[in-house]
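# Structural description and commentary
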Amino acid sequence: MEDGTKVIRFDPDRALIRIREAKWCKHPRIIVCEKSRSLECDVCGAAIDPFDFMLRWAKGDRCLEARKRQLEDEVKRISGSLEELKREEKNLKARLRRLKS
Ligand SMILES: [Zn+2]
């Protein structure tokens, strides 16, 4: 190498490779380390893949937007029904007053 870095050839037949199965951490608290630019579970210390985290966050964010629109539509629908019920209540009270008198 031009910068003086020594590079050793990798021999895949000689290398001992152990694979540590990835476990999905489901703990709710994450530490964002500015120094190492990494994410870590605050409970078990597992390393969290930043891309996976951002992807999950982005998808969740979109789901929340869709849910927000659904809830806003439902509030409008229920508000309309409530106004109708208030009018009916007012009419019924007026009828009751007329019947009592
Ligand atoms: Zn964890």
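My aim in this report is to walk through the structure given alongside it, one point at a time. (Residues numbered from 1 in each chain as written. Predicted model: local features only at pLDDT ≥ 70, side-chain atom pairs only at ≥ 80, totals over all residues. Heavy atoms only, no water.)

### Notes on the pattern of salt bridges
Under the criterion given, the structure shown has three salt bridges. A salt bridge links aspartate 42 to arginine 29, with the nearest nitrogen and oxygen atoms 3.2 Å apart. One end of the pair, aspartate 42, is in the loop between β2 (38–41) and β3 (47–48); the other, arginine 29, is in the segment before β1 (30–33), and 13 residues separate them in sequence. With a relative accessible area of 47%, arginine 29 lands in the partly exposed category. Ionic pairing is found between lysine 93 and glutamate 89, a salt bridge with its closest N-O pair at 3.5 Å. Taken together, the residues lysine 93 and glutamate 89, both in helix α1 (residues 50–100) and four residues apart, mark about one turn of the helix. With a relative accessible area of 42%, glutamate 89 lands in the partly exposed category. (Salt bridge = Lys/Arg side-chain N within 4 Å of Asp/Glu carboxyl O. Helix = DSSP H or I, 4+ residues; strand = E, 2+ residues; numbered from the N terminus. Buried < 20%, exposed > 50% of the residue type's maximum accessible area, 1.4 Å probe, protein only.)

### Structural notes on a nonpolar patch on the surface
Residues Phe10, Ile17 and Ile19 make up a contiguous nonpolar surface patch of roughly 410 Å² in combined accessible area. Structurally, the position occupied by isoleucine 19 is in the segment before β1. (Patch = residues over 30% accessible without salt bridge, like charges linked within 9 Å, V, L, I, M, F, W, Y side chains within 5 Å. Areas by Shrake-Rupley, 256 points an atom, 1.4 Å probe, with all protein chains shown as cover.)

### As for unusual backbone geometry
Excluding glycine, a negative phi dihedral is what most residues carry, and trans is how most peptide bonds are arranged. Even without glycine at this site, arginine 37 takes up a positive phi of about 55°. If you trace the backbone, arginine 37 turns up in the loop between β1 and β2.

In short, geometric facts, not functional conclusions.
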